[in-house]
Amino acid sequence: MRRSAVVLLMTLTFAVPAFAQEQRASIEGTVTDTSGAVLPGATVEARSAAGVVVSTVTNDSGVYRFPVLRPGAYDVTATLDGFAPQRVSGINLSLGQILRADLALVLQGVTEQVQVTSEVPLIDVRQSARSANIRDEYIERLPKGRDFTTLVTQAPGANDEMKLGGLSIDGASAGENRYVIDGTETTNVRNGTSGKMLVVDFIDEVQVKSSGYQAEYGGATGGVVNVITKSGTNQFHGDAGFYYSGSGLTTGSYFPGSTAGATDPTGNVSAVRTTTLRLNPSDTSNAEHINYPADTSSRWEPGFTIGGPLAKDSLWFFGGYQPSLLTIDRTVTLAADQSDVTRARRIRDHHASGNVTAQIASQLRLRGSFNSSSAVRDGLLPAIDGTDPTGTLYDIKSTFPNYAYSGSADYVASPRLLLSARVGYFFEDRTDENIPQGPLYLFGSTTNLGMAGVATDLQRPAGFRSLPTNTETTRDNLNRLDFQADATWYANLAGEHAFKGGAQVNRIGNDVFFGETGNRVSLFWDQAYQGNGFAQRGEFGYYGVRSNGVDPNLGFLRAGNVESNSIGLFVQDAWTINNRLTLNLGLRTEKEDLPSFNEFSGISFGFGEKIAPRAGFAWDLRGDGRTKVYGSWGIFYDIMKYELPRGSFGGEHWLDYVFTLDMPNWPDLIGDGCIPNCPGTLLKGPIDRRHPSNDPADQTVDADLKPMKMQEAVAGLEHELFSGVSATVRYVHKQIDVAVEDIGTLDASSNEIYTIGNPGVGQGRYFFVAGTDLRKQLPKAVRDYDSVELALNRRLANNWGVRVSYLWSRLYGNYSGLSQSDEDGRLSPNVGRLFDYPIMSFGEDGQPVLGVLATDRPHQFKTQFIYTFPFGTGVGVNQYVASGIPTTREAAFIGSSFYPVPYRGRNSDGRTPMFTQTNLLLQHELRLGARNRLQLMMDVQNLFDEKTATNRFPTELASGQAVGVSEIDFYNGVNTQQLIEDQQLVRDARFLMDGAFEAPRSIRVAVKLLF
């Protein structure tokens, strides 16, 4: 393996070191006379609607090429002495496209006029990659949220899945995508989701690569989301105005995008639906749907954009600023003393974007950009259910710096050689102020209301928290610095070739310090602690205490300062044979280092361990550019996120203790230095929940660990039915071949000892049943995605456009990916709960559980429609209809609620109802003179205020309850329902009830002056 890596590196040395984040598009073609003879030396000029002009000369084969064009509309004109000029007009070029525009010149004696053709290319017949491009004309006219990620869901197979933690592309989880803004990667270092908000007003185009992307793209087993911001033109253009939304325009308390730009893990709710599933606070044996009073809110978003020339025809600028000023007021009645408390939460997001673009002659294009989405969260809201104690301090403030810089250069060194280079830096952080100091007492799903022996002033409902939070972040600096360059060489060798070679250096880092300012105390009133083979309690139940193991008076701690590097290398070729068949061939490899937050080693993968071949073809079926048959196959590797080393390689410190609850005065349980001698009898502890998985003494990192690997195969047909209208059929198969996860076991003291390995492979292939020498095979991580897509696209022209798609798909296996759909969207790449204890992968029959995964949606329909009336009113409709998701019941086993088991298999209890949502955008423009316009806009999300259930509560047993059974008996097969009855276990009253609902109707209005 080492030798193959050396050979590959030597091969790549002969290419110019390069790696590209796609920020351009291309037009190419052949200039001939009317007889078909090629015309060398013809001058070809491409002129954009923005006024940018570039020119080139055809080579000996009559071929011209514009490899570095900004996406947009172009006219291409060819001239040659003795011939009348010809122009192809209205070429609509999207990001990443290579469109072909051939020109046939007529002798000047026949005609003296410019020959204009309106037949423009629609289909890119050179590439096998599948991407959806959302251009500015669709962005402006269709309903959407404020962030660019809300546009991505217009693409077939791309959905915002709550149970996957966000954006899912072709069945992958939210942590498996890559996000690039103006050439800078803005993927969150910790969890793999989008790390930066970018408001849609600044966006020129969003590209969603879902399959078949070439070797230059790595680090994604989902999709690649590529965004470019607007640029200036030869004319000054801009807008100024404001957006407004608030409680008066919403049927519930829901504020889309209110926490954009950074994670807000304070536990404070700023977006609540009026209908909530809960246990009755005074009687937890009953569950109820309750409609809380709506908050009063207002959100103002004033702003402007402006762009134009700094030097006409060569230097342009664009800039914009749009703050979001959201205020939420909430009044609740406190359960403790029936007093009313009113508090406000102010959220200030500062969105800014700017760039400068230079076109130096036709050979060199330069661009620098800046994008910021820094934010401030000031104040917490009272708990919506009134469970806060009297005197709670809500004056907590958090700041979230967040910005990205990028610079790029594209140089056409010759008609055969293109050189490019890019550098980018992305930074996000968090700092908290005024966090309460001291222990946090939690009642969870139990209550002491009415309990004998408990003083009235100490009785609290279920869900009570003594503090809104005691988690304090001093810093959490996540950053990326990347450099990339690329070189493309065009050659004629048994056809046309576009050879490309590249390299990328990416340095990422994390400096973090946050934790709980006191112990976390979880009280389980009137319940027994179920250990391995015993159930014990005190007079009033039991309680647990969390300590960080460094200071016994403090709770959970995460700290460290690390950096790591990854290097990606690739070579690829687009080989066009007979001007009809293009083979896209490539090879990629990566060297990756994952750091450790302690003194032990992290994880490293060498070049020889991540070799990823890619192959595809695109066949211009009739040679007229109207029908493309394509297919691709490839191997893709993930680049690991920091969640694993933060949690398992020394970044987190967390010990648990369990005591009998023998006294009712719970505020006196924790005193200075009481651990491990707190009141009551110590039942368990210390339980090390974060034992370092990279301690060499334990040999808990598989010595032959393989990187996460995904394989895909795609076939498709794209056909231009008639001018401006195309139809697509695409089949996709994607499968996870190897996953990286923490694989758990318990030692004699119930400490969680995790192996970092490949489930079902290598060291992670087998496990021993606790207390026996019986060896069983651990199931392999399986995720298979199959889909068939049918789509119809009518390009926006003559005031209207439409896109319609139907997707049949099947998502099957036991592993959702880097975010966990079985845990309602938990974002913990490589450290989910599925393999934390072996029984979680088995059913009550003792066999591995495989089936449709939690976000399987067999049928999906998407429609986007735009129409502009002659009198200036525009209508945009976005509709989504999809099958409901499976419901899989689970119950805790082996004496711990940490180990839920899908004991009846997946999809055990049907599906949620079919999901439908219609969004509407209305806008009207009034002309104010020759150039200025006044625009009035209304964007309605969930037009019909549908209230479809989107999730069901799957947990069968109440908190603290678990089916008591030995592991050997479990694997021999058990009757779970009989055991629940025999052991008189308490069921959770919420079991199989609707637990989440479609967001209510919300309206945003805007007034803008366009100039």
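Structure: see above.
Everything quoted here is computed from the prediction, not taken from an experiment. (Residues numbered from 1 in each chain as written. Predicted model: local features only at pLDDT ≥ 70, side-chain atom pairs only at ≥ 80, totals over all residues. Heavy atoms only, no water.)

### Observations regarding the overall build of the protein
Right, on to step 1. When helices and strands are tallied, the protein shows six helices and 60 strands.
Right, on to step 2. Relative to the 2.2 N^0.38 estimate, which gives 30 Å for 1011 residues, the radius of gyration of the protein is 30 Å and therefore close to what a compact globule would have.
Right, on to step 3. Oriented by its inertia axes, the alpha-carbon framework of the protein measures out at about 110 × 70 × 45 Å.
Right, on to step 4. Looking at the protein as a whole, 60% of its 1011 residues qualify as buried.
Right, on to step 5. In the protein, 73% of the contacts between residues at least 6 apart in sequence involve partners at least 24 apart.
Right, on to step 6. When the accessible surface of the protein is summed, it comes to about 37400 Å², and 55% of that surface belongs to carbon and sulfur atoms. (Helix = DSSP H or I, 4+ residues; strand = E, 2+ residues; numbered from the N terminus. Rg over C-alpha atoms; globule rule 2.2 N^0.38 Å. Buried < 20%, exposed > 50% of the residue type's maximum accessible area, 1.4 Å probe, protein only. Contact = heavy atoms within 4.5 Å. Areas by Shrake-Rupley, 256 points an atom, 1.4 Å probe, with all protein chains shown as cover.)

### Some remarks on a nonpolar patch on the surface
Right, on to step 1. A surface patch of nonpolar side chains, about 460 Å² in accessible area, is lined by Leu717, Val729, Tyr731, Val788, Leu790 and Trp808.
Right, on to step 2. Contributions of two or more residues to the nonpolar patch are made by strand 44 (725-738) and strand 49 (783-797).
Right, on to step 3. Inspection of the secondary structure puts Leu790 in strand 49. (Patch = residues over 30% accessible without salt bridge, like charges linked within 9 Å, V, L, I, M, F, W, Y side chains within 5 Å. Salt bridge = Lys/Arg side-chain N within 4 Å of Asp/Glu carboxyl O.)

### Notes on the pairing of strand 50 (residues 800-813)
Right, on to step 1. Where strand 49 meets strand 50, 13 bridges bridge the pair, whose relative direction is antiparallel. Bridge pairing in strand 50 links Ala797 to Trp800.
Right, on to step 2. Note: strand 50 against strand 52 (residues 859-868), nine bridges, orientation antiparallel. Bridge pairing in strand 52 links Val802 to Phe865.
Right, on to step 3. In this sheet, strand 51 (residues 851-852) lies alongside strand 50 in antiparallel orientation, the contact comprising two bridges. Looking at strand 51, one finds that Gly813 is bridged to Gly851. (Pairing = 2+ DSSP bridges.)

### Points about the pattern of salt bridges
Right, on to step 1. Overall, the coordinates contain 61 salt bridges when judged by the stated rule.
Right, on to step 2. When the shortest N-O distance is used, the salt bridge between Arg857 and Glu161 registers 2.8 Å. Placement of the pair is Arg857 in the loop between strand 51 and strand 52 and Glu161 in strand 11 (residues 158-161), with a sequence separation of 696 residues.
Right, on to step 3. We note a salt bridge from Asp349 to Arg377, for which the minimum N-O separation is 2.8 Å. With a gap of 28 residues between them, Asp349 in strand 22 (residues 340-360) and Arg377 in strand 23 (residues 364-378) connect regions that are remote in the sequence. Taken individually, Asp349 and Arg377 each receive the classification buried, so the pair is uniform in this respect.

### Focus: the nonpolar core
Right, on to step 1. Counting residues in hydrophobic clusters, the biggest one holds 57 residues, and the most contacted among them are Ile603, Tyr815, Ile839, Phe893, Val963, Val965 and Phe970.
Right, on to step 2. Among the secondary structure elements, those contributing two or more residues to this core are strand 30 (496-516), strand 37 (603-605), helix 5 (967-972) and helix 6 (976-982).
Right, on to step 3. At three residues, strand 30 tops the list of elements feeding residues into this core.
Right, on to step 4. Beyond its immediate sequence surroundings of up to four residues, Ile603 is in contact with Glu592, Asp593, Leu594, Met640, Phe649, Val701, Leu705 and Ile756. (Core = buried A, V, L, I, M, F, W, Y, C linked by side-chain atoms within 4.5 Å.)

### A short note on unusual backbone geometry
Keep in mind that most residues, glycine aside, have a negative phi and that most peptide bonds are trans.
Right, on to step 1. Following Ile675, the chain continues into Pro676 via a peptide bond in cis, with omega recorded as 0°.
Right, on to step 2. Within the secondary structure layout, Pro676 lies in the loop between strand 41 (655-661) and strand 42 (682-688).
Right, on to step 3. A cis amide bond, omega 0°, links Gly685 with the succeeding residue Pro686.
Right, on to step 4. Structurally, Pro686 is set in strand 42.
Right, on to step 5. Even without glycine at this site, Asp182 takes up a positive phi of about 50°.
Right, on to step 6. As for its placement among the helices and strands, Asp182 is situated in the loop between strand 13 (178-181) and strand 14 (184-185).

### Considerations on the sheet that holds strand 15 (residues 203-211)
Within a sheet, neighbouring strands are paired by backbone hydrogen bonds and run either parallel or antiparallel to one another.
Right, on to step 1. Taken in spatial order, the five strands make up an open sheet running 10-15-16-13-14, and their pairing is mixed. Of all the strands in the sheet, just strand 10 (130-135) and strand 14 have a single pairing partner and so form its edges.

### Thoughts on the environment of Val341
Right, on to step 1. As for its position among the elements, Val341 is in strand 22.
Right, on to step 2. Judged by relative accessible area, which is 10%, Val341 ranks as buried.
Right, on to step 3. For the pair Val341 and Thr390, spaced 49 residues apart in the sequence, the C-alpha separation amounts to 9.0 Å.
Right, on to step 4. Setting aside residues up to four positions removed in sequence, Val341 forms contacts with Arg330, Thr331, Val332, Leu334, Pro382 and Tyr394.

### Comments concerning the side chain of Asn548
Right, on to step 1. Mapped onto the fold, Asn548 is located in the loop between strand 34 (541-547) and strand 35 (557-577).
Right, on to step 2. Since its relative accessible area comes to 4%, Asn548 is described here as buried.
Right, on to step 3. Here the side chain of Asn548 touches Asp551 through a polar contact of 2.8 Å, landing on its backbone nitrogen.
Right, on to step 4. A polar contact of 3.0 Å, which involves the side chain of Asn548, links it to the backbone oxygen of Gly555.
Right, on to step 5. The contacts of Asn548, once residues within four sequence positions are left out, are Leu554, Gly555, Phe556, Leu557, His653 and Trp654. (Polar contact = N/O pair within 3.5 Å; in protein donor to acceptor, adjacent residues only side chain to side chain.)

### Notes on the packing of aromatic side chains
Right, on to step 1. Taken as a whole and judged by the stated rule, the model has 32 aromatic pairs.
Right, on to step 2. Taking the centre distance of 4.9 Å and the plane angle of 80° together, the rings of Tyr867 and Phe869 count as edge-to-face.
Right, on to step 3. A relative accessible area of 29% places Tyr867 in the partly exposed class.
Right, on to step 4. Ring geometry for Phe869 versus Phe871: centroids 5.2 Å apart, planes at 10°, classification stacked.
Right, on to step 5. By relative accessible area, Phe871 is classed as exposed at 56%. (Phe/Tyr/Trp six-rings, centres within 6.5 Å; stacked < 30°, edge-to-face > 60°.)

### Focus on the state of the cysteines
Right, on to step 1. A full pass over the atoms with the stated rule returns one disulfide.
Right, on to step 2. Disulfide pairing is shown between Cys674 and Cys678; the S-S distance is 2.2 Å. Across the disulfide from Cys674 to Cys678, rotation about the S-S bond amounts to roughly 60°, and the bridge is consequently right-handed. Cys678 shares its class with Cys674; the two are buried. (Disulfide = S-S within 2.5 Å.)

### Quick look at empty space enclosed by the protein
Right, on to step 1. Scanning all chains against the criterion turns up 14 cavities of 30 Å³ or more.
Right, on to step 2. Taken as a whole, the second largest cavity encloses approximately 520 Å³ of empty space.
Right, on to step 3. Lining the second largest cavity are 30 residues, and of these Ile98, Gln127, Tyr490, Ala498 and Lys500 sit closest to its centre.
Right, on to step 4. Broken down by secondary-structure element, the contributors of at least two residues to the lining of the second largest cavity are strand 1 (25-33), strand 4 (63-69), strand 29 (471-492), strand 30 and strand 35.
Right, on to step 5. Considered class by class, the residues forming the lining of the second largest cavity number 11 nonpolar, 10 polar and nine charged. (1 Å grid on protein atoms, 1.4 Å probe; cavity = no way out; pocket = protein on both sides within 12 Å on 5 of 7 lines; lining within 4 Å. Points joined across faces, edges and corners; volume = space filled by probe spheres on them. Nonpolar A, V, L, I, M, F, W, Y, C, P; charged D, E, K, R; others polar.)

### Quick word on the pairing of strand 60 (residues 1002-1010)
When a strand is regular, its side chains alternate between the sheet's two faces.
Right, on to step 1. As paired elements, strand 17 (residues 237-246) and strand 60 share six bridges and run antiparallel to each other. Bridging from a neighbouring strand, Ala240 pairs with Leu1009 of strand 60.
Right, on to step 2. Taken together, the nine bridges between strand 57 (residues 932-941) and strand 60 define a ladder with antiparallel strand orientation. Bridge pairing in strand 60 links Arg933 to Leu1010.

### A word on the sheet that holds strand 28 (residues 440-442)
Right, on to step 1. Taken in spatial order, the five strands line up as 28-31-34-41-42 in an open sheet, and their pairing is mixed. Unpaired on one side and paired on the other, strand 28 and strand 42 mark the two borders of the sheet. Neighbour to neighbour, the strand axes of the sheet diverge by 15° on average, direction disregarded.
Right, on to step 2. Pairing geometry for strand 34 and strand 41, over seven bridges, is antiparallel. The residue bridging Ser547 from the neighbouring strand is Leu655, located in strand 41. (Axes fitted to C-alpha atoms, helices over the stretch in contact; angles between N-to-C directions.)

### Here we look at the environment of Ala46
Right, on to step 1. Position of Ala46 among the secondary structure elements: in strand 2 (residues 43-48).
Right, on to step 2. Placed 393 residues apart in sequence, Ala46 and Pro439 show a C-alpha to C-alpha distance of 68 Å.
Right, on to step 3. Setting aside residues no more than four positions away along its own chain, Ala46 makes contact with Val52, Val53, Val54, Phe66, Tyr74, Asp75 and Val76.

### Regarding the environment of Gln735
Right, on to step 1. Summarising the element assignment, Gln735 is placed in strand 44.
Right, on to step 2. Its relative accessible area of 24% is what places Gln735 among the partly exposed residues.
Right, on to step 3. Taking the C-alpha atoms as reference, Gln735 lies 26 Å from Ala574; in sequence the two are 161 residues apart.
Right, on to step 4. Discounting chain neighbours no more than four positions away, the residues touching Gln735 are Lys709, Met710, Gln711, Arg783 and Asp784.
Right, on to step 5. Within polar-contact distance, the side chain of Gln735 engages the side chain of His733 at 2.8 Å.
Right, on to step 6. Only 2.8 Å separates the side chain of Gln735 from the side chain of Asp737, close enough to count as a polar contact.

### Concerning the side chain of Glu789
Right, on to step 1. Here Glu789 shows up in strand 49.
Right, on to step 2. Glu789 gets classed as buried once you look at its relative accessible area, which sits at 1%.
Right, on to step 3. If we skip the residues at most four places from it in the chain, Glu789 touches Arg130, Pro156, Thr728, Val729, Arg730, Tyr806 and Leu807.

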